[in-house]
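Structural characterization, general
Take a look at the letters that make up each chain.
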Amino acid sequence: MTARRSDPLLGANDPPPVRITNPDGASSFLFLGDHAGRAIPAALGTLGLGEGDLARHIACDIGVSALGALLAGALDACFIEQYYTRLLVDCNRTETNPEAIPAISDGTAIPGNIGLTDAEKAERIDAIHAPYQAAIADILAQRDAAGRATILVSLHSFTPVMGGFARPWDVGVLHDGGDPRFALALLDRLSARDGIVVGDNEPYRMDDTDHTVPRHAYAALRPYAELEFRQDRLAQDARPWATLLAETLDEAAQVL
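Residues numbered from 1 in each chain as written. Predicted model: local features only at pLDDT ≥ 70, side-chain atom pairs only at ≥ 80, totals over all residues. Heavy atoms only, no water.

Our next topic: the packing of aromatic side chains. Applying the stated criterion across every chain, the model contains five aromatic pairs. Taking 5.5 Å as the distance between ring centres and 50 degrees as the angle between the ring planes, the aromatic pair formed by Tyr218 and Tyr224 counts as tilted. An identical accessibility class is assigned to Tyr218 and Tyr224; each is buried. Among the aromatic residues, those joined into a ring-pair cluster are Phe29, Phe31 and Phe182. (Phe/Tyr/Trp six-rings, centres within 6.5 Å; stacked < 30°, edge-to-face > 60°. Buried < 20%, exposed > 50% of the residue type's maximum accessible area, 1.4 Å probe, protein only.)

In structure tokens:
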């Protein structure tokens, strides 16, 4: 458990919750990293976890920060990433979803998340979740006002084994409501590539538990795709995946 505090959650020496790479990028692609970081505010210590747990997939989407930066450079695109660990607050969940601040993640208890008051939960939403979602909305509003088309691409990664079950996919393309044409075209083109195993809504099905893409893409009928990469291969070297995506994303965008 963490001590009750009266000071702000994010102190003067804590980094801001959002990092934006190449905000004025000319590409139509806007890359997002809901779980890219694993920082913790100094006031919360380690949430009661050891370094081993904080290096696991429960803390962040391993490899996504590097992949997003590479794609931003290769395509002259903007990449918006959330800098703090998903264990503080999951920015791909609604503010009221109980999973947004988990007491347990993949079998590991999170001591710093147990027994939180409503005020403490709201503090995390206000300090981390709200600024991240606002940054996305602001960039989209600027692009819309300038008459620039935007294709939203949310980057995630997954552990190769979950609950004792192996996950054979190298990358998964997630899609659901709104305008899924781009996601489906990307799925087709990735599936046509030799040497990789592509999942259709695998290892997760995109549904109403997802928040960021539905929030910013569905009602506006904005083209989108949510991508899940096998994190052991992504962490080993993100550059081949960035190269593959830089080619394939442009191919898929031709359907629009």
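Right, picking up where we left off after that structure.
Between two packed helices, what matters for the description is the angle formed by their axes and the separation of those axes. Orientation of helix H4 (residues 181-191) relative to helix H7 (residues 239-253), taken along the N-to-C sense of each, is 130 degrees, at an axis distance of 8 Å. The orientation of H4 with respect to H7, classified from their angle, is oblique. For the pair H4 and H7, the sense of crossing is right-handed. Two secondary-structure elements touch here, H4 through Phe182, Ala185, Leu186, Arg189 and Leu190 and H7 through Leu244, Thr248, Leu249, Glu251, Ala252 and Ala253. Among the residues forming the contact of H4 with H7, the class breakdown is eight nonpolar, one polar and two charged. (Axes fitted to C-alpha atoms, helices over the stretch in contact; angles between N-to-C directions. Helix = DSSP H or I, 4+ residues; strand = E, 2+ residues; numbered from the N terminus. Parallel < 35°, antiparallel > 145°, perpendicular 65-115°, else oblique. Left-handed = near helix turned anticlockwise from the far one by under 90°. Contact = heavy atoms within 4.5 Å. Nonpolar A, V, L, I, M, F, W, Y, C, P; charged D, E, K, R; others polar.)

What follows concerns the pattern of salt bridges. By the definition in use, this model includes 14 salt bridges. The closest approach of N and O atoms between Arg239 and Asp237, which form a salt bridge, is 2.9 Å. One network of salt bridges, in which partners are shared, links Asp53, Arg56 and Asp106. (Salt bridge = Lys/Arg side-chain N within 4 Å of Asp/Glu carboxyl O.)

Let us look at H7. Spanning 15 residues, H7 covers 21 Å between terminal C-alpha atoms, matching the ideal 21 Å at 1.5 Å per step. The complete set of buried residues in H7 reads Trp241, Ala242, Leu244, Leu245, Ala246, Thr248, Leu249, Ala252 and Ala253. (Expected span 1.5 Å × (residues − 1).)

Turning to the environment of Gly199, a few remarks are in order. Structurally, the position occupied by Gly199 is in strand S10 (residues 198-200). With 29 residues separating them in the primary sequence, Gly199 and Asp170 have C-alpha atoms 7.8 Å apart. Apart from the residues lying within four places of it in its own chain, the contact partners of Gly199 are Trp169, Val171, Gly172, Val173 and Leu187.

Strand order in the open sheet made by the seven strands is S1-S3-S2-S6-S11-S9-S10, with mixed pairing throughout. In the strand order of this sheet, the two ends are held by strand S1 (18-21) and S10, each with one partner. Pairs of neighbouring strands in the sheet enclose a mean axial angle of 20 degrees, with direction left out of account. Judged from the three bridges that link them, strand S9 (residues 171-174) and S10 form a sheet pairing that is parallel. Bridging from a neighbouring strand, Gly172 pairs with Gly199 of S10. (Pairing = 2+ DSSP bridges.)

A few words now on unusual backbone geometry. Each neighbour pair has its own omega, and for Glu202 with Pro203 the value is 0 degrees, a cis peptide bond. Considering the arrangement of structural elements, one finds Pro203 in the loop between S10 and helix H5 (212-218). Of note, Asn22 is a non-glycine position whose phi angle comes to about 55 degrees, a positive value. Relative to the elements of secondary structure, Asn22 occurs in the loop between S1 and strand S2 (29-33). For Asn201, which is not glycine, the phi torsion reads 55 degrees and is therefore positive. Summarising the element assignment, Asn201 is placed in the loop between S10 and H5. With a relative accessible area of 5%, Asn201 lands in the buried category.

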